[in-house]
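Now for the letters of each chain:
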Amino acid sequence: MQEVWGSLVICTVCPLLGSLPLIDWLSYGFTGQKLSQMGTGNVSVSAAFYHGGRGLGIAAVCSEALKGIFAILLTRLFFPPGSVWELMALIGVVIGRYWGGKGAGVTNVVWGLLLHDPMGTGVMIILSAISFTLWRDRSSGRLAALFWMVVILSVRHSLTDGYWIGVLSLAGLLATISQKIPDDLDLDLDKANPETKKMFRFFQGDRAILTLNQRLDPQKVGNKAANLAYLKRLGYTVADGWILPPGDDPQTLVQWLNPSPQEPLIVRSSALGEDSENASGAGQYTSILNVTNRDSLEEAIGICQGSYNQSHAVRYRQDLGQPEQAIAVLIQKQIQGVFSGVAFSRDPVNPLREDVVIEALPGSASQVVSGKKTPHQYRVFLAETATVTGEGDIPLQLIESVARLTRELESLYHGLPQDLEWSYDGDQLWVLQLRPITTLKPIWTRKIAAEVIPGVIRPLTWSINRPLTCGVWGEIFTLVLGKGSEDLDFQETATLHYQRAYFNATLLGTIFRRMGLPPESLEFLTRGAKFTKPSLITTIKNLPNLLGLARREWTLEKDFGRDNQDYFSPLLQELKGQDLSPLSASELLQGIEDILKVLKKATYYSILCPLSLAIRQGLSKVSLEELDNSLAPEVASVRSLQYLATEARNILNPELIEEKNILSLLAENPAGQAVLQGFNEWLETYGYLSDAATDIAVPRWREDPTSAQELFNQFFAREQKSTNPKHSQFKNLQKRLDLKNTSTTIYSQLLAHLRWHFVALEKRLISTNILRETGDIFFLTYPEIVELVTSKNLSVDILSRRQEFRQNQQIESVPRVIYGNSPYLESYVVSQSSEKKLQGIGASSGQVEGRIKVLKNLQQIDKIEENTILVVPYTDSGWAPWLCQAVGIISEVGGSLSHGAIVAREYGIPAVMDIHNATNILRNGQRVRIDGQRGIVEII
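These figures come from a predicted structure and were not determined experimentally. (Residues numbered from 1 in each chain as written. Predicted model: local features only at pLDDT ≥ 70, side-chain atom pairs only at ≥ 80, totals over all residues. Heavy atoms only, no water.)

Comments concerning the overall build of the protein chain
Our working definition: The helix count covers DSSP runs of H or I at least four residues long, the strand count covers runs of E at least two residues long, and both are numbered beginning at the N terminus. Between buried and exposed lies partly exposed: a residue is buried under 20% and exposed over 50% of the maximum accessible area for its type, with that area taken using a 1.4 Å probe on protein chains only. Residues count as neighbours in contact if any of their non-hydrogen atoms are within 4.5 Å of one another. For every accessible area listed, the method is Shrake-Rupley and the probe measures 1.4 Å; residues are considered covered only by the protein chains on display.
Counting secondary structure elements, the protein chain contains 34 helices and 23 strands. Expressed as a percentage of the 940 residues in the protein chain, the buried residues total 54%. For the protein chain, the proportion of contacts with a sequence separation of at least 24, taken over those separated by at least 6, is 68%. As presented, the protein chain carries roughly 43000 Å² of accessible surface, and 54% of it is formed by carbon and sulfur atoms.

A few points about the environment of Val4
Within the element layout of this structure, Val4 appears in helix H1 (residues 2-19). Once the C-alpha coordinates of Val4 and Phe78 are considered, the two residues, 74 residues apart in sequence, prove to be 9.0 Å apart.

Observations regarding the pairing of strand S3 (residues 265-271)
The test is simple: Paired strands, in this sense, are two strands between which DSSP finds at least two bridges.
The buried fraction of S3 amounts to 7 of the 7 residues, a majority that puts the element mostly inside the structure. Judged from the 2 bridges that link them, S3 and strand S4 (residues 288-291) form a sheet pairing that is antiparallel. Each residue of the ladder has a partner; that of Leu265, found in S4, is Val291. Pairing analysis gives 7 bridges linking S3 to strand S5 (residues 327-333), with the strands arranged antiparallel.

Looking at the pattern of salt bridges
Put simply, the rule is: By definition, a salt bridge exists where a carboxyl oxygen of Asp or Glu is found within 4 Å of a side-chain nitrogen of Lys or Arg.
Evaluation of the coordinates by the stated rule reveals 28 salt bridges. In this structure, Glu492 engages Arg466 in a salt bridge whose closest nitrogen and oxygen atoms are separated by 3.9 Å. Separated by 26 residues along the polypeptide, Glu492 in the loop between helix H18 (459-481) and strand S13 (494-497) and Arg466 in helix H18 bring together distant segments of the chain. What makes Glu492 partly exposed here is its relative accessible area of 36%. For Asp563, the salt bridge is made with Arg562, and the minimal N-O distance between the two is 3.6 Å. Residue classification places Arg562 among the partly exposed residues on the basis of a relative accessible area of 42%. Each member of the salt-bridge network shares a partner with another, and the members are Glu849, Arg927, Arg929 and Glu938.

Some words on the nonpolar core
The nonpolar side chains of a soluble globular protein tend to be buried with one another. The cut-off we apply is this: Buried Ala, Val, Leu, Ile, Met, Phe, Trp, Tyr and Cys residues form a nonpolar core when they are joined through side-chain atoms within 4.5 Å.
With 126 residues, the main nonpolar core has Phe712, Leu754, Phe758 and Leu761 as its most contacted residues. The element that contributes the greatest number of residues to this core is helix H24 (residues 585-620), accounting for 15 residues. For Phe758, the residues in contact, after removing those within four places along its chain, are Leu460, Ile464, Ile592, Ile696, Ile777, Phe778, Tyr782 and Ile785. Formed by 33 residues, the second largest nonpolar core is a distinct cluster that contains Ala229, Leu330, Ala403 and Trp422.

Here we look at the packing of aromatic side chains
For any pair of aromatic rings, the description consists of the separation of the ring centres together with the inter-plane angle of the planes. How we decide: Here is the rule: rings of Phe, Tyr and Trp (six-membered ring for Trp) pair when centre to centre is within 6.5 Å. Planes less than 30 degrees apart are stacked, more than 60 are edge-to-face, and the remainder are tilted. The criterion is that NZ of a Lys, or CZ of an Arg, lies within 6 Å of the ring centre and within 35 degrees of the ring normal, and then a charge sits over that ring.
Taken as a whole and judged by the stated rule, the model has 17 aromatic pairs. Aromatic side chains Tyr285 and Tyr308 sit 5.8 Å apart centroid to centroid with 15° between the ring planes, which places their arrangement in the stacked category. Taken as a pair, Tyr285 in the loop between S3 and S4 and Tyr308 in the loop between helix H13 (294-306) and helix H14 (311-319) lie far apart in primary sequence, 23 residues in all. Put simply, the rings of Phe679, Trp682, Tyr686, Trp701 and Phe712 pair up and form one aromatic cluster. One Lys or Arg, Arg702, reaches over the ring of Trp756 and ends 3.7 Å from the middle of that ring.

Observations regarding the pairing of strand S18 (residues 847-854)
Note that S18 and strand S22 (residues 927-931) share 5 bridges and pair antiparallel. Residue Val848 lies in a different strand from S22, and its bridge partner there is Ile930. Bridge analysis of S18 against strand S19 (residues 868-872) gives 4 bridges, and the strand direction is parallel. Bridge pairing in S19 links Arg851 to Thr868.

What about the sheet that holds strand S1 (residues 210-211)?
Spatial ordering of the open sheet is given by S1-S2-S5-S3-S4, a layout of 5 strands whose pairing is antiparallel. Edge strands, defined here as strands with exactly one partner in the open sheet, are S1 and S4. The pairing of strand S2 (residues 241-244) with S5 spans 4 bridges and is classified as antiparallel. Paired with Gly241 across the two strands is Gln332, which belongs to S5.

Overview of helix H29 (residues 731-767)
Put simply, the rule is: To estimate the expected span of a helix, subtract one from its residue number and multiply by 1.5 Å.
Taking 1.5 Å per residue, 37 residues should reach 54 Å; H29 reaches 54 Å between its end C-alpha atoms and fits that length. Within H29, 27 of the 37 residues are buried, which leaves it mostly tucked inside the rest of the structure. Once H29 ends, the next one or two residues include Asn769, with phi positive near 65°.

Here's the deal with a nonpolar patch on the surface
Quick reminder of the rule: By definition, no residue in a patch forms a salt bridge, and every one has over 30% relative accessible area; like charges are joined within 9 Å, nonpolar side chains (Val, Leu, Ile, Met, Phe, Trp, Tyr) within 5 Å.
Residues Phe147, Val151 and Val155 make up a contiguous nonpolar surface patch of roughly 270 Å² in combined accessible area. Note that Phe147 resides in helix H7 (residues 138-156).

A look at the sheet that holds strand S8 (residues 376-381)
For clarity, the threshold we go by: Here an axis means a line fitted to C-alpha atoms, over the contact stretch when the element is a helix, while the angle between two N-to-C directions is reported on a 0 to 180 degree scale.
In spatial order, the strands read S9-S8-S7-S6-S10-S11; together these 6 strands make up an open sheet with antiparallel pairing. At either end of the open sheet lies a strand with only one pairing partner, and these are strand S9 (387-389) and strand S11 (429-436). Adjacent strand axes in the sheet meet at a mean angle of 20° when their direction is disregarded. On the sheet, helix H16 (residues 396-412) packs against strand S6 (339-344), strand S7 (355-362), S8, S9, strand S10 (418-424) and S11 and is oriented at approximately 140° with respect to S10.

Focus on the packing of helix H23 (residues 556-575) against H24
To keep it simple, the criterion reads: Handedness of a helix crossing follows the sense of rotation of the near helix relative to the far helix, less than a right angle counterclockwise being left-handed and clockwise being right-handed. Residue polarity follows a fixed list, in which Ala, Val, Leu, Ile, Met, Phe, Trp, Tyr, Cys and Pro are nonpolar, Asp, Glu, Lys and Arg are charged, and the others, Gly among them, are polar.
For the pair H23 and H24, the least separation of the axes is 11 Å and the interaxial angle reads 140°. Relative to H24, H23 is oriented so that their crossing is left-handed. Packed against H23, whose contacting residues are Leu556, Asp559, Phe560, Asp563, Tyr567, Phe568, Leu571 and Leu575, the element H24 presents Asp594, Ile595, Val598, Lys601, Ala602, Tyr604, Tyr605, Leu608, Cys609 and Ser612 at the interface. The residue makeup of the contact of H23 with H24, split by class, is 13 nonpolar, 1 polar and 4 charged.

Overview of helix H2 (residues 22-31)
Filter applied, for reference: This arc describes the spread of directions from the helix axis toward the C-beta atoms.
The set of residues buried in H2 consists of Ile23, Asp24 and Ser27. Along the long axis of H2, the arc covered by the buried residues comes to 100°, so they all point the same way. In this structure, H2 carries Tyr28 and Gly29 as exposed residues pointing more than 90 degrees from its buried face. One or two steps after H2, the chain reaches Gly32, where phi turns positive at roughly 80°.

As for the state of the cysteines
Quick note on the threshold: Disulfides are defined in this document as cysteine sulfur pairs within 2.5 Å.
Going through the model one piece at a time under the given rule, you end up with 0 disulfides. Free cysteine Cys11: the closest other cysteine sulfur is in Cys14, separated by 8.6 Å. Residue class for Cys11 comes out exposed when judged on its relative accessible area of 58%.

Quick notes on the environment of Ala501
Residue placement: Ala501 occurs in strand S14 (residues 500-504). Residue classification places Ala501 among the buried residues on the basis of a relative accessible area of 1%. When the C-alpha positions of Ala501 and Ala449 are compared, they lie 5.7 Å apart, and in sequence the two are 52 residues distant. Every residue in contact with Ala501, bar those within four places of it in the chain, is listed here: Arg446, Ala449, Ile453, Ile457, Trp462, Thr495 and Leu496.

Re a negative patch on the surface
Using the following cut-off: Counted as positive: Lys and Arg. Counted as negative: Asp and Glu. His and the chain ends are not counted at all. To locate a charge, take NZ of a lysine, CZ of an arginine, CG of an aspartate or CD of a glutamate.
Together, Asp249, Asp295, Glu298 and Glu299 line one region of the surface with negative charge. Mapped onto the elements, Glu299 comes out in helix H13. Taking the relative accessible area as the measure of exposure, Glu299 reaches 53% and is therefore exposed.

Regarding the side chain of Ser463
Heads up, the condition is: Definition of a polar contact: a pair of N or O atoms within 3.5 Å, with one able to donate and the other able to accept a hydrogen when the atoms are protein atoms, and with sequence-neighbouring residues admitted only if both atoms are side-chain atoms.
Relative to the helices and strands, Ser463 resides in helix H18. There is a polar contact of 2.9 Å between the side chain of Ser463 and the backbone oxygen of Leu460. The contacts of Ser463, once residues within four sequence positions are left out, are Thr781 and Tyr782.

What about the side chain of Arg816?
Considering the arrangement of structural elements, one finds Arg816 in the loop between helix H31 (798-809) and strand S15 (817-819). Assessed through its relative accessible area of 18%, Arg816 is described here as buried. If we skip the residues at most four places from it in the chain, Arg816 touches Trp444, Thr445, Arg446, Lys447, Tyr502, Glu892, Asp914, Ile915 and His916.

Limitation: the analysis is restricted to geometry and does not speak to function.
Next up, the structure:
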């Protein structure tokens, strides 16, 4: 009976005892404030020392010690001394301490164990102190103490039944709670009670001195120190270093270090804002080498700190618009370099070159960066075997190693070109400093952009597409990031170089990292590129906003149905068959405004629906080949025309007919009237398609049916591949695919009507002599057109814009990636690859051999011979009728959701996307083998 009462007391009294907020009461008595309302809100002994000083801290220790002691004494009223029940009592105190007192209960346990087993606890404390002295890290020391507690007490009480369960439970509970609650020792020590600051320095161990072995915040210690710490934790060879944050007393750090002539130190700046993506700060602040004693170390720190206020440094920050902040000081072991230098992962003068630029000299790196000696320059072109050019005394093997390290670091920093300062000591290659090449920012990429809006773009198209696309992306990103998007300019998402569209890879990478996603997420979702592991911490941090986006994705079908009923269908019905010729210029302009308002909503779905499909398809692991693409305009248009061609073959014998114009023969044959009518209806239904649906300057099929008639003749001339709609078993995924195809159709139809309104408006302006010739209107921006209609005065030189457009059209190939805002086209050399295998993205499985036919635009189109592998710059819905006649498809851009990939999968044609510069590398008549599963093109 006594044991029952004892168990009841332990389960009730001990948790209540632990929950008593004695420290909070003591804090109020000492300071007039409660600890629960200060700092982390943790009512602990460390918080008492931190906020209240030594007096409150000692009182807190005593109060918590009495709780542990009282719990043990209370247990002994019912159970013999040293029993496992005493551990159960301490567990009850710890639970109450966590629930009611916001503390971990470590002090309660330590003092309780001293009464429970004085000898065992004494040994535990000694071993824990030794462990802490070795590691000098509180987290590691805490785990070591729990380890020794379990080992020693279990050994000493091994004959007691169930004792090991009690000690394991107590240790596990303490470890779990210690991880869950915040600790005021992790706060800024400068805000701690001055009386206890030095004491905390001891308890923090090495954490009291910031080192390059720790995770450092660039907002507190500058990018230079934070970058080196990051690289050191990843395993790169970075010299040991210590950091003095802005405002800290250097005495503690000076006393900690002991430089000597045998082990000299170097003192360097790590100013806030230095070595950032926007400002390098190169040469602005003072570095001091060969520091060999504490006096010179203290002096060097002062000199380095004072360099922040030098006139040239202040002017540099003002010129770049940087705020006045502060400077941290980085002290490192000095590397005695045999060879040293700097390396640029991209040539800062000519970034379109593919080689790494290295400048080096024998000796220390300071000789190179000082500018007092002319270094040896090397260029390294990296492939399977490196090609090194340049003359000097540096071993070429070392130069190659530096080049590979530099490119590796560029990849580590998401492709942003890097400036590496390095040194080789005869044994190891050391990283001395790493910073972005700020003049090569941002990075612009043609990937995705070349497919979204291909070709050379006229001013009107860009003035319409850029605000729509950037605006919708901005809305999506703002939804996810919330306040984290306030410093981002989403209008900078895209730009033109050589009048071709480029996306801002730097901005997109920043956005995705803030969302907790890898920087290449958009490329993964839209093109099937590789996807790295996201940052779990950032993902969790942004989980509420990501859930907001997930809700949008979940209700996408419902939202589209509503907007289709309220906006899309009514407007398209109104526009269908509308005669624009009687409308005045102002009426046409109003019609354009009406279309643009609805087009913005359609743009939202044209972006989000493919992303939704890609996400769901990626999660379900269902092959896109198992889904039915009947609603895709590129598939539906081809099927319909093939059906009409088959009907014509049943009426007219292809072997007896030499005339190419089959439609004229059908018109003369009574049985062919239905087919002829069907073709006209087909042209009315799919006449909104073109080479590039997103470019409103490109004519639609309805405007010039010649190419469609020629295509019909080709379909008639030979038996066509035919496909039937698939019966997909994956209903939910199929619905997303149907939604994506429907939204694409509506988006393309609205753009076609927008074009036809501008064409009608142009005719009006030509008739009144405001514009001179057909096509002029597409060389004006939309705001300029609005002003022109209002003022009747043309203020821009269309001829010069036409000339610029023709010049850019002559450029056969442009760089896939551009660094900074200067294109450097004059130095860009089209790479004529000598490789026999080209790697792209597999978009439609299967293998095939055939002869190459390069088709750069549909104006070059003629008959597609059998066993032809088409090589195209991009694919759009309008390309589908020609693509389906090939035995294989190779495209310079695109991914698994591109128009060409959809057609290829539907007709069982192997296809490889994303072979950069394919239309220039591959030649007509060349024999190749393509593997649509692995994405490989092999030249035979």
